[in-house]
Amino acid sequence: MYCDFCQREMDNGIELLGAMICENCFHDISTTPVSSENYDYYKEMVKKLLKNYIYEKTILDPVK
Ligand SMILES: [Zn+2]
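Sequence order as written defines the numbering, with residues in each chain counted from 1. With pLDDT at 70 or above as the cut-off, local features in this predicted model cover only qualifying residues; side-chain atom pairs require 80 or more to be listed or tallied, and sums for whole chains, interfaces and linings still use all residues.

## As for the pairing of strand S1 (residues 13-16)
Where S1 lies against strand S2 (residues 19-22), four bridges are found, and the strand directions are antiparallel. Bridging from a neighbouring strand, Gly 13 pairs with Cys 22 of S2. Here, strands pair whenever DSSP counts at least two bridges between them. Helix numbers and strand numbers start at the N terminus; a helix is a DSSP run of H or I with at least 4 residues, a strand a run of E with at least 2. The turn linking S1 back onto S2 is made up of two residues, and Leu 17 within it adopts a positive phi angle of 55°.

## Topic: the environment of Asp 28
Residue position: Asp 28 is located in helix H1 (residues 23-31). By the C-beta count within 10 Å, which is 17 here, Asp 28 ends up partly exposed. Burial is judged by counting the other C-beta atoms within 10 Å of a residue's own C-beta: 20 or more makes it buried, 12 or fewer makes it exposed, and any count in between marks it as partly exposed, with every C-beta position built from the backbone.

## Re unusual backbone geometry
You will see that Gln 7, though not glycine, has its phi angle at about 65°, which is positive. Relative to the helices and strands, Gln 7 resides in the segment before S1. Positive phi, close to 55°, is recorded for Leu 17, a residue that is not glycine. The class for Leu 17 is partly exposed, based on 15 C-beta atoms found within 10 Å.

In structure tokens form, the structure reads like this:
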């Protein structure tokens with residue numbers, strides 16, 4: 001399987017908001033300080049995942 005963040009192949013992924021990410025990315029995301037210039041990048045990625053996640057949930061489990 002491939003990491004949804006860095007697109008690299010991985011053996012063990014962690015599920016985050018319906019996406020699979022590798023341990024490296026998970027570590028990066030959880031340890032990136034707000035002051036880091038990478039923070040915005042991760043924030044956008046998580047936002048994107050969250051949007052897909054909610055979207056898929058809406059399709060699978062439509063509100064009647
Ligand atoms: Zn990764």
